[in-house]
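Observations on chain architecture
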Amino acid sequence: MRSSPVDAVVLAASIHCRDAGYPAVQRFVTGPGAPQSVSQPMARVATGDPVVILRQDLLAIRRTVRPPHLVLALPDELDLLPFLVELWRPRAGASALGDHYVPAPIVTGLDPAAFLTELGCVHRAARLWDGTEHTSP
């Protein structure tokens, strides 16, 4: 029997930076077979290193659910490549994600309406002052 992405468990993360200290990380788990014992603790906000928090979440999901597919949805303002490299890097004394997951290609979603609006935007130079205190733009 072949599994399909429809059977995927989704781990979505929201990372909110604060003025001082570690960021707040909100996680949401959904999908077939995701028990409340996994989804409820992750629905709360955790403060700390997002890489450490998400690695622990991914390992907890793998221990309890064993989904055929897992989708990791990350915020668009995140610098994705360095984050994923750090997430996937094996840690001393800890189980590596590579022992439990096989990474798939990275997919980025775009809102077509916003993309086409931005693509069609035309910027024009405009004078924002009367020119008495500044040179011409």
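Not measured: the values here are computed from a predicted model.

Turning to the nonpolar core, a few remarks are in order. Within soluble globular proteins, side chains that are nonpolar generally end up buried alongside one another. Core analysis: the biggest nonpolar cluster contains 14 residues, and L11, L54, L58, I61, L87 and L97 have the highest contact counts within it. With 5 residues, helix α2 (residues 50–64) is the single largest residue contributor to this core. Once residues within four sequence positions are removed from consideration, L97 is found in contact with R55, L58, L59, L87 and W88.

All right, on to the pattern of salt bridges then. Side chains that differ in charge, positive against negative, can pair when their charged atoms come close. Tallied over the full model, the rule gives 3 salt bridges. One salt bridge connects R89 with E86, and the closest N-O pair in it is separated by 2.8 Å. Overall, R89 belongs to the partly exposed group, its relative accessible area being 39%. E86 gets classed as partly exposed once you look at its relative accessible area, which sits at 28%. The partner of R91 in a salt bridge is E86, with the nearest N and O atoms 2.8 Å apart. Connected via shared salt-bridge partners are E86, R89 and R91.

Once that is clear, we can look at the packing of α2 against helix α3 (residues 80–88). Contact geometry for α2 and α3: axes closest at 9 Å, N-to-C directions at 55 degrees. Overall, the two elements α2 and α3 adopt an arrangement that is oblique. As α2 runs across α3, the sense of the crossing is right-handed. Residues P50, V51, L54, R55 and L58 of α2 lie in contact with α3, whose contacting residues are F83, E86 and L87. Among the residues forming the contact of α2 with α3, the class breakdown is 6 nonpolar, no polar and 2 charged.

As for its placement among the helices and strands, R18 is situated in the loop between β1 (9–16) and β2 (24–30). With 29 residues separating them along the chain, R18 and T47 place their C-alpha atoms 10.0 Å apart.

Burial analysis of β2 places 5 of its 7 residues in the buried class, the great majority of the element. Across 7 bridges, β1 lies against β2 in antiparallel orientation. Among the inter-strand pairings, L11 is bridged to a residue of β2, identified as V29. Pairing of β2 with strand β3 (residues 45–47) involves 3 bridges; the strand directions are antiparallel. For A24, the partnering residue across the bridge sits in β3 and is T47.

Criteria and cut-off values
Residues numbered from 1 in each chain as written. Predicted model: local features only at pLDDT ≥ 70, side-chain atom pairs only at ≥ 80, totals over all residues. Heavy atoms only, no water. Core = buried A, V, L, I, M, F, W, Y, C linked by side-chain atoms within 4.5 Å. Buried < 20%, exposed > 50% of the residue type's maximum accessible area, 1.4 Å probe, protein only. Helix = DSSP H or I, 4+ residues; strand = E, 2+ residues; numbered from the N terminus. Contact = heavy atoms within 4.5 Å. Salt bridge = Lys/Arg side-chain N within 4 Å of Asp/Glu carboxyl O. Axes fitted to C-alpha atoms, helices over the stretch in contact; angles between N-to-C directions. Parallel < 35°, antiparallel > 145°, perpendicular 65-115°, else oblique. Left-handed = near helix turned anticlockwise from the far one by under 90°. Nonpolar A, V, L, I, M, F, W, Y, C, P; charged D, E, K, R; others polar. Pairing = 2+ DSSP bridges.

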